[in-house]
Amino acid sequence: MVYYNRRLAPFLRRKELDMNTRIKAIYGRQSVDKQDSISIESQLEFCQYELKGENYRTYTDKGFSGKNTDRPKFQELIRDIEQGLISTVVVYKLDRISRSIIDFAKMMELFQRYNVEFVSATEKFDTSTPMGRAMLNICIVFAQLERETIQKRVQDAFHSRCRKGFHMSGKAPYGYTLEPTVMDGVRTKKMVADPVAADHIRLMYEMYAKPGTSFGDIIRYFLEQGISTDGVTLTRSQISHMLKNPVYAQADLDMYDFFKAHGADVVNEAADFTGTNGCYFYAGRDARESKKASLKDHTLVIAPHEGIVPSDIWLACRRKMMNNIVFPGSHKAKNTWLAGKAKCGRCGAALMSIHNVNGTSYFRCRKRADAKTCEGCGTLRVHEVEASIYNEMVKKLRSFQILTKSDSTKANPKLTALNVELAQVDTEIEKLLDSLSGANATLLSYANSKIEELDTKRQSLMKTIADMRTSTLSPEHAKSISGYLENWEDVSFEDKRLVLDGLISKIQATSERVRIEWKI
């Protein structure tokens, strides 16, 4: 039923517009309301004048950036072009379409494929002439140059603030809390040690500094003593991150020599390393490796807060980790297409696939394998769990297709509103960061406090949007998945993982039961 509705859609749209020929379209976009930006209404007026009374249809996106084409009305315009409804697209200025050369090149290819002309009202060119096409390419190059220049200024401002020792937003690492302070006349935040959590950090360092102590030993001891970090049971990656972080160290000359010897960009002079303050360690602008893997070319700067771990203990732990043999694991799943989705039904840790001497594969709780802090998931044979999940996907998709009676690809108003809000937050953050370069003390003070607030809001919006996007499945996508499930034995390993990701958020399994969290 859905298939025939889609086949008839172009003819129904033509009837709706009461047109026997293709129609002209006006597209308007505004990132955010501000005094120096032209409103969508004004853009439409310019474009209407260009059409000189001809019939047209408008498509407008408010609150969306031009950095990509993920905009509701713009996507609707694309669909109408592909259905043969549009003859000409008129915009106030070409950057209303996109600021990306790649995106714009794709758009021009689409216009040529469907014989659609493109007209810019203020730049006075259209693609029906060779000169218009040449000028279009030149203008879009400068539009992208402007965007990249803005990004460069934002990056410069960020690195400038890093080198001055400012707290760069986000929550404090475990062991510290944040308190307001003033640095160089600018309001910012300073880390202050939390007495209880700081004792936990010191204990962790003292334990690991002893020969023979492993991450697993620390995890088991903390679990036995009922110690948690921010209410969460420790993991190996968390311990590794904490023990590598110089924010805890009482930085002295030994710390200075250590980072210098490993190629770090140390901002402060040796005389500033007095054995009192902790350090911030930021990703270097020209560093080729991540700061987790290498110290070379990354930035170390003395922080305003006091360290809580003596430098000799901090250095002993850091050198011990550097000497550990690391077996780099593959991030690409190979043994089961359930990898990444299958979790232990008792503790929630990932289930990994292992082989016994007979070649049979079993699931094993990673937390039990790492530190024996979970009783485990019991006996779970991989091929049996895979067969069970496959059968459940078939049943679920069948019921979904029965319930779906019409095309559900219409834009979600709530999702659109969230995207608008996210775009506005991104714009505000960019403006604030951009203003830091060469700004006076008053503006720096305002920007520093506002950026942290906006960043917290941005993270929350992104999580909400991601959750909403993964909670819907279009009838077209369902039809595609159904085709894979019908020929499951012939489907490639990677395609099986894609199908799984389209239907399921998480699988919690033990030998007694398997629980599936669906996306549909």
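Refer to the structure presented above.
Reading the values: the criteria
- Residues numbered from 1 in each chain as written.
- Predicted model: local features only at pLDDT ≥ 70, side-chain atom pairs only at ≥ 80, totals over all residues.
- Heavy atoms only, no water.
- Helix = DSSP H or I, 4+ residues; strand = E, 2+ residues; numbered from the N terminus.
- Buried < 20%, exposed > 50% of the residue type's maximum accessible area, 1.4 Å probe, protein only.
- Contact = heavy atoms within 4.5 Å.
- Core = buried A, V, L, I, M, F, W, Y, C linked by side-chain atoms within 4.5 Å.
- Salt bridge = Lys/Arg side-chain N within 4 Å of Asp/Glu carboxyl O.
- Pairing = 2+ DSSP bridges.
- Axes fitted to C-alpha atoms, helices over the stretch in contact; angles between N-to-C directions.
- Parallel < 35°, antiparallel > 145°, perpendicular 65-115°, else oblique.
- Left-handed = near helix turned anticlockwise from the far one by under 90°.
- Nonpolar A, V, L, I, M, F, W, Y, C, P; charged D, E, K, R; others polar.
- Arc of directions from axis to C-beta.
- Phe/Tyr/Trp six-rings, centres within 6.5 Å; stacked < 30°, edge-to-face > 60°.
- Lys NZ or Arg CZ within 6 Å of the ring centre and 35° of its normal.

Peer 1: So what about the environment of phenylalanine 222? Which residues, and what values?
Peer 2: Looking at the secondary structure, you find phenylalanine 222 in helix α7 (residues 215-224). Judged by its relative accessible area of 1%, phenylalanine 222 falls in the buried class. Separated by 11 residues in the primary sequence, phenylalanine 222 and threonine 233 have C-alpha atoms spaced 8.3 Å apart. Phenylalanine 222 has contacts with His200, Leu203, Met204, Met207, Ile227 and Leu234, leaving out every residue within four places of it along the chain.

Peer 1: Pulling in residues and values, what's your account of the nonpolar core?
Peer 2: A general feature of soluble globular proteins is that nonpolar side chains tend to end up buried together. Counting 47 residues, the largest nonpolar core has Tyr248, Phe259 and Trp314 as the members making the most contacts within it. Take this core: its biggest share by element is seven residues, from helix α6 (residues 195-209). Contact partners of phenylalanine 259, with chain neighbours within four places excluded, come to Pro246, Ala264, Val266, Phe281, Leu295, Leu300 and Trp314. By size, the runner-up hydrophobic cluster in this structure holds 26 residues, among which are Ala349, Leu351, Val385 and Ile389.

Peer 1: Could you give me a rundown of the pattern of salt bridges, with the residues and numbers involved?
Peer 2: Scanning all chains against the criterion turns up 14 salt bridges. The shortest N-O distance in the salt bridge between arginine 57 and glutamate 76 comes to 3.4 Å. Within this pair, whereas arginine 57 is found in strand β2 (residues 56-62), its partner glutamate 76 is found in helix α3 (residues 72-82), the two being separated by 19 residues in sequence. As far as burial versus exposure is concerned, arginine 57 and glutamate 76 are alike and both buried. A salt bridge links glutamate 76 to lysine 73, with the shortest nitrogen-to-oxygen separation between them at 3.2 Å. Taken as a pair, glutamate 76 and lysine 73 lie in helix α3 at a separation of three residues, close to a single helical turn.

Peer 1: Can you break down the sheet that holds strand β10 (residues 277-282) residue by residue, with the values?
Peer 2: The sheet built from three strands is open, its strands ordered β9-β11-β10 with mixed pairing. In this open sheet, the two strands that pair with only one neighbour each are β9 (265-266) and β10. Summarising the sheet, β10 and strand β11 (residues 299-306) pair through five bridges and their orientation is antiparallel. Counterpart to asparagine 277 in the pairing with β11 is glutamate 306.

Peer 1: Before we move on, could you go through the packing of helix α8 (residues 236-244) against helix α10 (residues 311-323) and cite the residues and values that matter?
Peer 2: Direction vectors running N to C along α8 and α10 enclose 130°, while the axes themselves pass 9 Å from each other. Here α8 lies oblique to α10, going by the angle between them. Considering only the axes of α8 and α10, their crossing is left-handed. Residue-level contacts link Ser240, Leu243 and Lys244 of α8 to Trp314, Arg318 and Met321 of α10. Grouping the constituent residues of the contact of α8 with α10 by class yields three nonpolar, one polar and two charged.

Peer 1: Tell me about α8, and please be specific about residues and values.
Peer 2: Within the span of α8, buried status applies to Ile239, Ser240, Met242 and Leu243. Taken around the axis of α8, the buried residues stretch over an arc of 165°, which confines them to a single face. Facing away from the buried side of α8 by over 90 degrees, the exposed positions are Ser237 and His241.

Peer 1: Give a detailed account of the packing of aromatic side chains, specifying residues and quantitative values.
Peer 2: What characterises a pair of aromatic rings is the spacing of the ring centres plus the angle enclosed by the ring planes. The full count for this structure, using the stated rule, is 15 aromatic pairs. Taken together, a centroid distance of 5.4 Å and an interplanar angle of 70° make the contact between tyrosine 27 and phenylalanine 74 edge-to-face. Of this pair, tyrosine 27 sits in strand β1 (residues 23-30) while phenylalanine 74 sits in helix α3, and the two are 47 residues apart along the sequence. Residue tyrosine 27 shares its accessibility class with phenylalanine 74, and that shared class is buried. Positioned above the aromatic ring of tyrosine 49, the side-chain terminus of lysine 52 is 4.9 Å from the ring centre. Geometry around phenylalanine 74 places arginine 71 over its ring, the cationic atom sitting 4.8 Å from the centre.

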